[in-house]
Amino acid sequence: MLNRMYPYGQGAGYGYGQGSNPNMNPNMNYPNPNISPNMNYPVSPNMNYPVSPNMNYPVSPNMNVNIPVQPKMPNMGFGKYPKEEKKTEVSPAEETKANNFLGSTDTLSVCPCPPGENVWASLVNPASSNVDVSLQRITISNMTCNPMVAKIYFKPTLPFNGKMSSNVTPADLSKNPLERPKGQIQYGILPNSPVNGTIAATRVIPANTSITVDLDGLWVIGQGTNVMVYLTAHCNDCNLKSVVSFEWEEK
């Protein structure tokens, strides 16, 4: 008959009696940790808990349990590669400045008295230049007390008596030697109107006044052609003096 106070026999209660169970630790009151009665995997020989046989990560080399080893982080390359050197780029403004030129004629005298002497000034792109000339600006100065008329011709035939102006300079003065322009400023006397060509614009220049025609490269002079400013007196009783200036870009 079972004792109601000890239904599992003496020794049951807070622990098991010594020798009552073959799987018990003979020196302690809890099951022998070296024998796992209810688990199907081995027990760690040096520690008191089981070792999992099914873990696929590496075992720490300094410990006898299956503790995952921190994998090496991939090399992201920070600080390993030299900094990329950017190529020195020339800004559009600097490139334009390097190809810009400007200049003016000598003083031109318009004499309306017979035989009438009118004057012309032209920006010429020679046939062998291998560049296009883009007009940026034309400035016409009237240095007398009476108005004059300026007519702008596209592609007229150049008069045979033209002179080439030496008053021409590149816009970029930082280079040594200075760039040489392909375009030319020519001027001279012409009793009659220019031959051939097309009148693109007409301006009346007041007395003691300069006018500027801003073009921003819209007028392009091809090789072997020119743009001419033809000056005449607005009235027939005075002599006029003028200077014509050009600014251009060569591409």
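So, a few notes on the structure that sits alongside this text. Keep in mind it's a predicted model, so treat the numbers as computed, not measured.

Procedures and definitions
Residues numbered from 1 in each chain as written. Predicted model: local features only at pLDDT ≥ 70, side-chain atom pairs only at ≥ 80, totals over all residues. Heavy atoms only, no water. Pairing = 2+ DSSP bridges. Helix = DSSP H or I, 4+ residues; strand = E, 2+ residues; numbered from the N terminus. Salt bridge = Lys/Arg side-chain N within 4 Å of Asp/Glu carboxyl O. Buried < 20%, exposed > 50% of the residue type's maximum accessible area, 1.4 Å probe, protein only. Core = buried A, V, L, I, M, F, W, Y, C linked by side-chain atoms within 4.5 Å. Contact = heavy atoms within 4.5 Å. Phe/Tyr/Trp six-rings, centres within 6.5 Å; stacked < 30°, edge-to-face > 60°.

This part is about the sheet that holds strand S8 (residues 184-190). As summarised here, the arrangement of the 6 strands in space is S6-S8-S3-S11-S5-S9, forming an open sheet in which the pairing is antiparallel. Whereas interior strands pair on both sides, the edge strands pair on one side only; in this sheet they are strand S6 (163-164) and strand S9 (195-205).

Opposite charge on two side chains permits them to pair, given that their charged atoms come into close proximity. Counted under the stated rule, the structure contains 3 salt bridges. A salt bridge links Arg137 to Glu247, with the shortest nitrogen-to-oxygen separation between them at 2.7 Å. Taken together, the residues Arg137 in strand S4 (residues 133-142) and Glu247 in strand S12 (residues 240-250) connect sequence positions 110 residues apart. A relative accessible area of 25% means that Arg137 is categorised as partly exposed. The class of Glu247 is partly exposed, set by a relative accessible area of 28%. As a salt-bridge pair, Lys175 and Glu179 come within 3.6 Å of each other at their nearest N and O atoms. Of the residues examined, Lys175 reaches a relative accessible area of 34% and is grouped as partly exposed. In the salt-bridge network here, residues are joined through shared partners; they are Arg137, Asp214 and Glu247.

Before going further, it helps to spend a moment on the nonpolar core. Of all hydrophobic cores here, the largest spans 30 residues; its most connected members are Leu135, Ile138, Ile140, Val229, Leu231, Val244 and Phe246. Top element by residues in this core is strand S10 (residues 209-221). It accounts for 5 residues. In this structure Phe246 touches Phe101, Leu102, Gly103, Ala121, Ser122, Leu123, Leu135, Arg137, Ile138, Ile185, Val227 and Val229, once residues within four positions along its chain are discounted. One finds Trp120, Tyr153, Met228 and Tyr230 within the second-largest nonpolar core, a separate group that totals 5 residues.

Locating Ile152 in the fold gives a position in strand S5 (residues 148-157). The class of Ile152 is buried, set by a relative accessible area of 1%. Placed 48 residues apart in sequence, Ile152 and Ala200 show a C-alpha to C-alpha distance of 5.6 Å. In this structure, Ile152 is in contact with Thr198, Ile199, Ala200, Ala201, Trp219, Val227, Met228 and Val229, ignoring residues within four places of it in sequence.

Moving on, we get to the packing of aromatic side chains. Under the definition given, this model contains 3 aromatic pairs. Between the aromatic rings of Tyr153 and Tyr230, the centroid separation amounts to 6.3 Å while the plane-to-plane angle is 85°, which identifies the pairing as edge-to-face. One end of the pair, Tyr153, is in strand S5; the other, Tyr230, is in strand S11 (residues 225-233), with 77 residues separating them in the sequence. For the pair Tyr153 and Tyr230, a shared accessibility class is recorded, and that class is buried. Ring centres 4.9 Å apart and planes at 80° place the aromatic pair Phe154 and Trp219 in the edge-to-face group. Highlighted residues: Phe154 in strand S5 and Trp219 in strand S10, separated in sequence by 65 residues.

Quick look at the environment of Asp216 now. Structurally, the position occupied by Asp216 is in strand S10. A residue is classified by how much of its surface remains accessible, and Asp216, at 58% relative accessible area, is exposed. With 31 residues separating them along the chain, Asp216 and Glu247 place their C-alpha atoms 9.7 Å apart. Setting aside residues up to four positions removed in sequence, Asp216 forms contacts with Leu135 and Gln136.

In this chain, Asn176 is followed by Pro177 through a cis amide linkage whose omega measures 5°. Secondary-structure assignment places Pro177 in the loop between strand S7 (168-170) and S8. Residue Lys155 is not a glycine yet carries a positive backbone phi of 60°. Structurally, the position occupied by Lys155 is in strand S5. Positive phi outside glycine occurs at Asn208, with the angle close to 50°. For Asn208, the location among the structural elements is in the loop between S9 and S10. By relative accessible area, Asn208 is classed as exposed at 54%.

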